[in-house]
Amino acid sequence: MKIKNVLISQPQPADPKKSPYFELAKKHNLKIDYFKFIKIEGITARDFRKDKVYIQDHSAIIFTSRNAIDHFFRIAEEMRVEVPDTMKYFCVSESVAFYLQKYVQYRKRKIFHGQHSFADLMDVIKKHKNETYLLPCSDIHKADIPRQLESNDIKYDKAVLYRTVASDLSDLDLKKYDLMVFFSPSGVASLYKNFPDFEQGKTLIAAFGPTTTKAVEDAGMTLNINAPTKTAPSMSMAIDEYLKNNKNK
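What counts, and at which threshold
- Sequence positions are assigned chain by chain, starting from 1 and proceeding in written order.
- Per-residue local features of the predicted model are confined to residues with pLDDT of at least 70, and side-chain atom pairs are confined, for both listing and counting, to 80 or more; whole-chain, interface and lining totals are unaffected and use all residues.
- Think of the side-chain values as coming from all heavy atoms in the structure, minus any hydrogens and water.
- At least two bridges found by DSSP between two strands are what make those strands a pair.
- In this description a helix means any DSSP run of H or I spanning at least four residues, a strand means any run of E spanning at least two, and both kinds are numbered starting from the N terminus.
- As a rule, the C-alpha atoms of each element are fitted with a line to give its axis, helices using only the stretch in contact, and angles between N-to-C directions run from 0 to 180 degrees.
- Contacts: residue pairs with any heavy atoms within 4.5 Å of one another.
- For each residue, the accessible area found with a 1.4 Å probe, counting protein chains only, is set against the maximum for its type, and the residue is called buried under 20%, exposed over 50%, and partly exposed in between.
- Throughout this description, the term nonpolar core refers to a set of buried Ala, Val, Leu, Ile, Met, Phe, Trp, Tyr and Cys residues connected via side-chain atoms within 4.5 Å.
- The definition of a right-handed crossover adopted here requires that, viewed with the strands pointing away, the path from the first strand over the helix to the second runs clockwise.
- Ring pairs are drawn from Phe, Tyr and Trp, using the six-membered ring of Trp, whenever the two centres fall within 6.5 Å, and their geometry is named by plane angle: stacked under 30 degrees, edge-to-face over 60, tilted for the rest.
- The disulfide criterion is simple: two cysteine sulfur atoms within 2.5 Å.

1. Brief notes about the sheet that holds strand β5 (residues 88-91)
- Pairing is mixed in the open sheet, where 6 strands are placed in the order β3-β8-β7-β4-β5-β6. Taken across any chain shown, the strands that pair with only one partner, and hence form the sheet edges, are β3 (38-42) and β6 (110-113). Looking at each pair of strands side by side, their axes are set apart by 25° on average, direction ignored.
- Inspection of the sheet shows β3 paired to strand β8 (residues 156-166) by 5 bridges, in the antiparallel sense. In the strand pairing of β8, Glu41 is matched with Arg163.
- Packed on one face of the sheet, helix α3 (residues 66-78) meets β3, β4 (60-63), β5, β7 (133-138) and β8 and runs near 110° to β8.
- In this fold helix α5 (residues 118-125) packs onto β4, β5, β6 and β7, with an angle of close to 150° to the strand it touches most, β5.

2. What to know about the side chain of Gln200
- Within the secondary structure, Gln200 sits in the loop between α7 (185-194) and β10 (204-208).
- Owing to a relative accessible area of 13%, Gln200 belongs among the buried residues under this scheme.
- Residues in contact with Gln200, not counting those within four places in the same chain, are Ile205, Met221, Thr222 and Asn224.

3. Some words on the nonpolar core
- Counting 44 residues, the largest nonpolar core has Phe63, Tyr89, Ile125 and Leu149 as the members making the most contacts within it.
- When residues of this core are assigned to their parent elements, the largest contribution, 6 residues, is made by α3.

4. A short note on the environment of Gly220
- As for its position among the elements, Gly220 is in the loop between α8 (210-218) and β11 (225-227).
- Given a relative accessible area of 62%, Gly220 falls into the exposed group.
- It is 47 Å that separates the C-alpha atoms of Gly220 and Arg80, two residues lying 140 residues apart in sequence.

5. Some thoughts on the pairing of β4
- Along β4, one buried face is formed by Ala60 and Ile62 and the opposite face, lined by Ile61 and Phe63, is buried too.
- Pairing of β4 with β5 involves 4 bridges; the strand directions are parallel. Bridge assignment links Phe63 to a residue of β5, and that residue is Cys91.
- Regarding topology, α3 serves as the crossover connection from β4 to the parallel β5, and that connection is right-handed.
- In terms of strand pairing, β4 meets β7 through 2 bridges, oriented parallel. Across the sheet, the residue bridging to Ile61 is Leu134, located in β7.

6. Comments concerning the packing of aromatic side chains
- Counted according to the given criterion, the structure contains 12 aromatic pairs.
- Consider the rings of Phe63 and Tyr89, whose centres lie 6.1 Å apart with planes at 10°: the pair is stacked. You can see Phe63 sitting in strand β4 and its partner Tyr89 sitting in strand β5, a full 26 residues away along the chain. Taken individually, Phe63 and Tyr89 each receive the classification buried, so the pair is uniform in this respect.

7. Thoughts on the environment of Phe208
- Looking at where Phe208 falls in the secondary structure, it is placed in strand β10.
- The exposure class of Phe208 is partly exposed, given its relative accessible area of 29%.
- Sequence separation between Phe208 and Asp33 is 175 residues, and the spatial gap between their C-alpha atoms is 17 Å.
- The residues touching Phe208, leaving out its near neighbours within four places in the chain, are Phe182, Phe183, Ala227, Pro228, Pro233, Ser234 and Met235.

8. With respect to the state of the cysteines
- Tallied over the full model, the rule gives 0 disulfides.
- Here Cys137 stays free of any disulfide, with the sulfur of Cys91 as its closest cysteine sulfur at 15 Å.
- A relative accessible area of 4% means that Cys137 is categorised as buried.

9. Digging into the sheet that holds strand β9 (residues 179-182)
- If you trace the 5 strands from one edge of the open sheet to the other, you get β2-β1-β9-β10-β11, paired in parallel fashion. Whereas interior strands pair on both sides, the edge strands pair on one side only; in this sheet they are β2 (31-34) and β11. Recorded for the sheet is a direction-independent mean angle of 15° between the axes of neighbouring strands.
- Here 3 bridges tie β10 to β11, and the two strands are oriented parallel to one another.

Pasting the structure below:
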């Protein structure tokens with residue numbers, strides 16, 4: 001099957017020309033559209049209070065994303081909770097740690113970070129086992145993060161501060177796309193929430209990561225392209241590999 005039109009279920013990059021998909025489109029003469037299948041909604045202070053998790057009862061906070069930072073400080077402001085200067089911040093990566101500058105004086109705070117993964121950060125957290133941690137997160141979050149904290153006897157509370165919900169996809173004409181690319185189970189769920197009668201037909205499906213792959217298969221779709229693999233660690237590379245192999249055939 002010749003692929004001409006591709007739908008990426010993510011927002012368009014800030015600078016499309018620096019995206020690997022830009023080069024992919026040029027190389028294979030593709031028309032690539034971006035559409036955000038999911039969106040983040042913050043929970044209200046009223047709903048947060050129902051969980052009976054109190055910011056002031058914690059001496060450290062674990063941040064796994066910029067969304068977590070934004071919604072933590074939003075909730076703190078809405079609830080008129082003053083975050084003490086003594087609060088320690090543990091961030092999954094250096095870029096997430098730098099994002100804290102939006103809310104705190106970076107050099108005057110105790111800020112720690114991992115390198116790339118939560119396992120890296122866990123090594124840092126284990127050196128501060130006496131802290132009481134708060135983990136701001138989405139209603140849909142990786143189960144292995146709480147699991148790692150619990151297996152290392154880290155005292156913590158989860159604080160669900162935002163939700164992942166389906167975007168309105170009514171403007172999309174799915175029939176025009178030869179390939180649809182998914183990056184999360186939530187994206188797959190959004191597809192069927194908006195188009196409950198969707199049938200794959202000749203449309204090719206690509207999925208990034210094992211949980212997205214499982215969501216595609218559980219939905220009854222045929223998976224044509226998956227990443228990461230040994231030869232294609234990124235989705236753009238996996239699509240490129242598929243197109244080259246298809247061309248050779």
